Amino acid sequence: AQSVSQHNHHVILSEAASLELGCNYSYGGTVNLFWYVQYPGQHLQLLLKYFSGDPLVKGIKGFEAEFIKSKFSFNLRKPSVQWSDTAEYFCAAFMEYGNKLVFGAGTILRVKS
Amino acid sequence: DAGVTQSPTHLIKTRGQQVTLRCSPKSGHDTVSWYQQALGQGPQFIFQYYEEEERQRGNFPDRFSGHQFPNYSSELNVNALLLGDSALYLCASSLLGQGYNSPLHFGNGTRLTVT
């Protein structure tokens, strides 16, 4: 079955620490990958997306993600987190021209000031 | 401003009842998808509507049905509610002309509690 898995459900970091959130998908064909963020009390917002080309994609607020096809991974990174990055992060994928976006379970990030 | 608006924001129903949730897509969008997000889980795809027809459906029973109106707004109906239907229901809109993989814009959701 097509699925997306996120490695950690809860992550706690201090401000200025580096962040890497893991994401793996299970599908051998064409995938389009996304990271969404949900700040407390707000709707899901798109952070960044990968369709093709350069496997290192940059998104809003200093986030970036790297698509590694051989590892079926699309990890999210940020060199230095801020307290305002506290939120829940979801990795998601369209697989093989499907109309449905498949989400991971989410990672709750708490940044301590 | 989310662009996608959902109503109501919260709802409490009793087992066996029926519920209707509503969604207005972002201006200019023509496709509406519905997702269910249970506590501690990621959103799960219910179905998608385009041109007033259901294009694709996720693994949800027939108790879940929907409708899209000519103005692109949409409703999600759930019959014979079960306790397990308690969740946040998310509506997302997109523009099909931008491709099947155009990013989705989400609303704030409707929190449904079934008692």
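1. A word on the overall build of chain A
Tallying secondary structure elements over chain A gives zero helices and 12 strands in all. Counting from the amino terminus, helix and strand elements in chain A follow one another as β-β-β-β-β-β-β-β-β-β-β-β. The C-alpha atoms of chain A give a radius of gyration of 13 Å, which matches the 13 Å a tight globule of 113 residues would have. Expressed as lengths along the three principal axes of its C-alpha atoms, the size of chain A is roughly 40 × 25 × 20 Å. Every one of the 113 residues in chain A was classed for burial, and the buried ones make up 49%. In chain A, the proportion of contacts linking residues at least 24 apart, taken out of those at least 6 apart, comes to 56%. If the 10 positive side-chain charges of chain A are averaged to one point and the 8 negative ones to another, these points end up 2 Å apart.

2. Remarks on the sheet that holds strand E7 (residues 64-68) of chain B
Residues and elements named next belong to chain B. Spatially, E1-E3-E8-E7 is the arrangement adopted by the four strands of the open sheet, whose pairing is antiparallel. What marks the edges here is a single partner per strand, and that holds for strand E1 (5-7) and E7. On average, adjacent strands in this sheet sit at an angle of 20° to one another, irrespective of strand direction. Summarising the sheet, E7 and strand E8 (residues 74-78) pair through five bridges and their orientation is antiparallel. Following the sheet pairing, serine 65 is matched in E8 by asparagine 77.

3. Some thoughts on the interface of chain A and chain B
Counting residues at the interface gives 22 residues for chain A, matched by 21 residues for chain B. The interface formed by chain A and chain B holds three residue pairs in polar contact (both at pLDDT 80 or more) in total. Listed by contribution, the elements that provide at least two residues to the side of chain A that touches chain B are strand E5 (31-38), strand E6 (45-50) and strand E10 (87-95) of chain A. Residue contributions to the side of chain A that touches chain B peak at four residues, all from E5 of chain A.

Each value, and the rule that gives it
- Residues numbered from 1 in each chain as written.
- Chains lettered and ligands numbered in written order.
- Predicted model: local features only at pLDDT ≥ 70, side-chain atom pairs only at ≥ 80, totals over all residues.
- Heavy atoms only, no water.
- Helix = DSSP H or I, 4+ residues; strand = E, 2+ residues; numbered from the N terminus.
- Rg over C-alpha atoms; globule rule 2.2 N^0.38 Å.
- Buried < 20%, exposed > 50% of the residue type's maximum accessible area, 1.4 Å probe, protein only.
- Contact = heavy atoms within 4.5 Å.
- Lys, Arg positive; Asp, Glu negative; His and termini not counted.
- Charge placed at Lys NZ, Arg CZ, Asp CG, Glu CD.
- Pairing = 2+ DSSP bridges.
- Axes fitted to C-alpha atoms, helices over the stretch in contact; angles between N-to-C directions.
- Polar contact = N/O pair within 3.5 Å; in protein donor to acceptor, adjacent residues only side chain to side chain.

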